[in-house]
Amino acid sequence: MTTSAVEPGSAEAEETFPYQRQCPFTPPKQYDDMMDEDVVQVTLTGSGLRIWTISGYHTIKELLTDPRISASRKHDNFPFYFIAPPEFRTETSFIGYDNPEHTKTRRKAAVTFTNRQVKRLRPRIQEIVDDYIDKILTMTPPIDFHREFSLAVPMTVICELLGIPQDEHDFFIEHGTCLLGGHSTPEQRQAAIVEVNAYVDKLITLKEKEPGEDLLSRAMAEYAASGEEYTRRDLFNMIRLLMNGGHETTASMLSLGTAALLENPDQLKLLLDDPEGMIEPAVEELVRIATIGDTAIPRVALEDIEIAGKTIKAGDGILCLGLNGNRDPEVFPEPDKLVLERGTRKHLGFGHGLHHCIGADLARLEMQLVWTTLFQRIPSLRLAKPFLEIPRKEGAVIYGLWELPVTWDVPAGD
């Protein structure tokens, strides 16, 4: 059946997608049947489109390396599950490009995110983590860890990479939440895009006049060295992607991962007993269990595709469900359990194929430094309210928590 609009309330319109998780780390109950069938059609809440969802780990990997699918937002049936303003279709970054434009544009930013470059950032990121922990320890608990720490650390890192002053970080936190948080109206998203564009335009003009050691200046230099002309569109979209994706995703993981460790003291003890040996698998397992980008891998079929016994027609919208892929019991035994020791990079938390997350190594480093520092410096850290009572970003492009209230023991006399 080709993707088509469904009238709200019609007989054809079943419970609409996306579905709510049963609890913060447990997939929606509807995912069980979807996992059994592997390829299932659902109706999107915002657009009313019927699109294909892909669940199995191996099926997702197969599809994400298939040249017969497109990531371009310009297709009429692109599976937005909110009502997307025009800028979401016409103004995107390399995340919404197909080759050869994707590789050509992505490599301008990739120079900053190589493993070698990321390792050079380690001392500075450690300073940032320590500075924000210092700041937390001057506060009177309980505090909102998500606001005071999880959002602040990656935002500081990405702003320094782009050469954005620290006193302007709140602007991007506010607008990133509006664009990716899931509660914004189309009008609010459109207004946020306009305001971010105005800021970025000024930033590009500044870097053209006064280039520095930041990512934006290096991207411009890459264009110049290659003899290619850059367009403001390319620079706009690259910066917006890095500002939104570079902080919102890591911030969500820092809060969810911290909560998961606090809720699983046996696993936290394993990490604390051997932080050097355990931190890398711990990060991978926490990324797998949270899968914050569950619904963030949309595609459109360019031609008919036979997969898992179903025919996806040319023009049909597709959504690869990373949460189901990362809970595939054939790949991850007892998938709903947090088991730090089994952590592996074969999960789908950073995507797969051509559009694998460009900032994955940077995000990994930030998480590693946070979780090997935070619990050492604040050993009595704990949740200030039951985890199941903490509001979650259900239906958001990037899943996460709206807040994370925490407390700790304050030494007498402080």
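The structure reproduced in this document is the subject of the present report. Just so we're clear, the structure is a prediction, and the values are computed from it rather than from any experiment.

## A word on the pattern of salt bridges
Here comes step 1: Tallied over the full model, the rule gives 21 salt bridges.
Here comes step 2: Here Arg-68 makes a salt bridge to Asp-66, at a shortest N to O gap of 2.8 Å.
Here comes step 3: On the accessibility criterion, Arg-68 (27% relative accessible area) is partly exposed.
Here comes step 4: According to the relative accessible area criterion, Asp-66 is buried, its value standing at 14%.
Here comes step 5: Between Glu-334 and Lys-337 there is a salt bridge, with the nearest N and O atoms lying 3.2 Å from each other.
Here comes step 6: Assessed through its relative accessible area of 46%, Lys-337 is described here as partly exposed.
Here comes step 7: Members of the salt-bridge network, linked through shared partners, are Glu-284, Arg-345, Asp-361 and Arg-364.

## Some words on the sheet that holds strand 3 (residues 69-70)
Here comes step 1: Ordered in space as 1-2-8-5-3, the five strands form an open sheet in which the pairing is mixed. Lying at the two open borders of the sheet, with one neighbouring strand each, are strand 1 (39-43) and strand 3.
Here comes step 2: The strands that helix 2 (residues 57-64) touches are strand 1, strand 2 (50-54), strand 3, strand 5 (298-301) and strand 8 (317-320); relative to strand 8, the one it contacts most, it runs at about 130°.

## Brief notes about the packing of helix 4 (residues 101-110) against helix 11 (residues 215-226)
Here comes step 1: Running from N to C, helix 4 and helix 11 cross one another at 130°; their axes reach a closest spacing of 8 Å. Here helix 4 lies oblique to helix 11, going by the angle between them. Contact residues: helix 4 offers Thr-105, Arg-107, Lys-108 and Ala-109, while helix 11 offers Leu-215, Ala-219, Glu-222 and Tyr-223.
Here comes step 2: Its residues assigned to classes, the contact of helix 4 with helix 11 shows four nonpolar, one polar and three charged.

## Overview of the sheet that holds strand 9 (residues 382-383)
Pairing between sheet strands relies on hydrogen bonds along the backbone, with the strands arranged either parallel or antiparallel.
Here comes step 1: A sheet is described by the order of its strands in space; here three strands give the open sequence 4-10-9, paired in antiparallel fashion. Bordering the open sheet on either side are strand 4 (143-144) and strand 9, each of which pairs with just one other strand.
Here comes step 2: Examined bridge by bridge, strand 4 and strand 10 (residues 405-407) share two bridges and lie antiparallel to one another. Opposite Ile-143, over in strand 10, you have Val-406 as the bridge partner.

## What about the packing of aromatic side chains?
Here a ring pair, both rings aromatic, is described through the centre-centre distance and the interplanar angle of the planes.
Here comes step 1: Scanning the entire structure with this criterion turns up four aromatic pairs.
Here comes step 2: Between Tyr-57 and Phe-332, the aromatic rings sit 5.9 Å apart at their centres with planes inclined by 85°, giving edge-to-face as the arrangement. Of this pair, Tyr-57 sits in helix 2 while Phe-332 sits in the loop between helix 15 (322-325) and helix 16 (360-377); the two residues are 275 residues apart in sequence, bridging distant segments of the chain. Taken as a pair, Tyr-57 and Phe-332 share a single burial class, namely buried.
Here comes step 3: A centroid spacing of 4.9 Å and a plane angle of 25° characterise the contact between Phe-145 and Phe-149, whose relative ring orientation is stacked. Here the residue Phe-145 and the residue Phe-149 both occupy positions in helix 7 (residues 145-150), the gap between them amounting to four residues, near one helical turn.

What counts, and where the lines are drawn
Residues numbered from 1 in each chain as written. Predicted model: local features only at pLDDT ≥ 70, side-chain atom pairs only at ≥ 80, totals over all residues. Heavy atoms only, no water. Salt bridge = Lys/Arg side-chain N within 4 Å of Asp/Glu carboxyl O. Buried < 20%, exposed > 50% of the residue type's maximum accessible area, 1.4 Å probe, protein only. Pairing = 2+ DSSP bridges. Helix = DSSP H or I, 4+ residues; strand = E, 2+ residues; numbered from the N terminus. Contact = heavy atoms within 4.5 Å. Axes fitted to C-alpha atoms, helices over the stretch in contact; angles between N-to-C directions. Parallel < 35°, antiparallel > 145°, perpendicular 65-115°, else oblique. Nonpolar A, V, L, I, M, F, W, Y, C, P; charged D, E, K, R; others polar. Phe/Tyr/Trp six-rings, centres within 6.5 Å; stacked < 30°, edge-to-face > 60°.

Any functional reading would require information that these geometric values do not contain.
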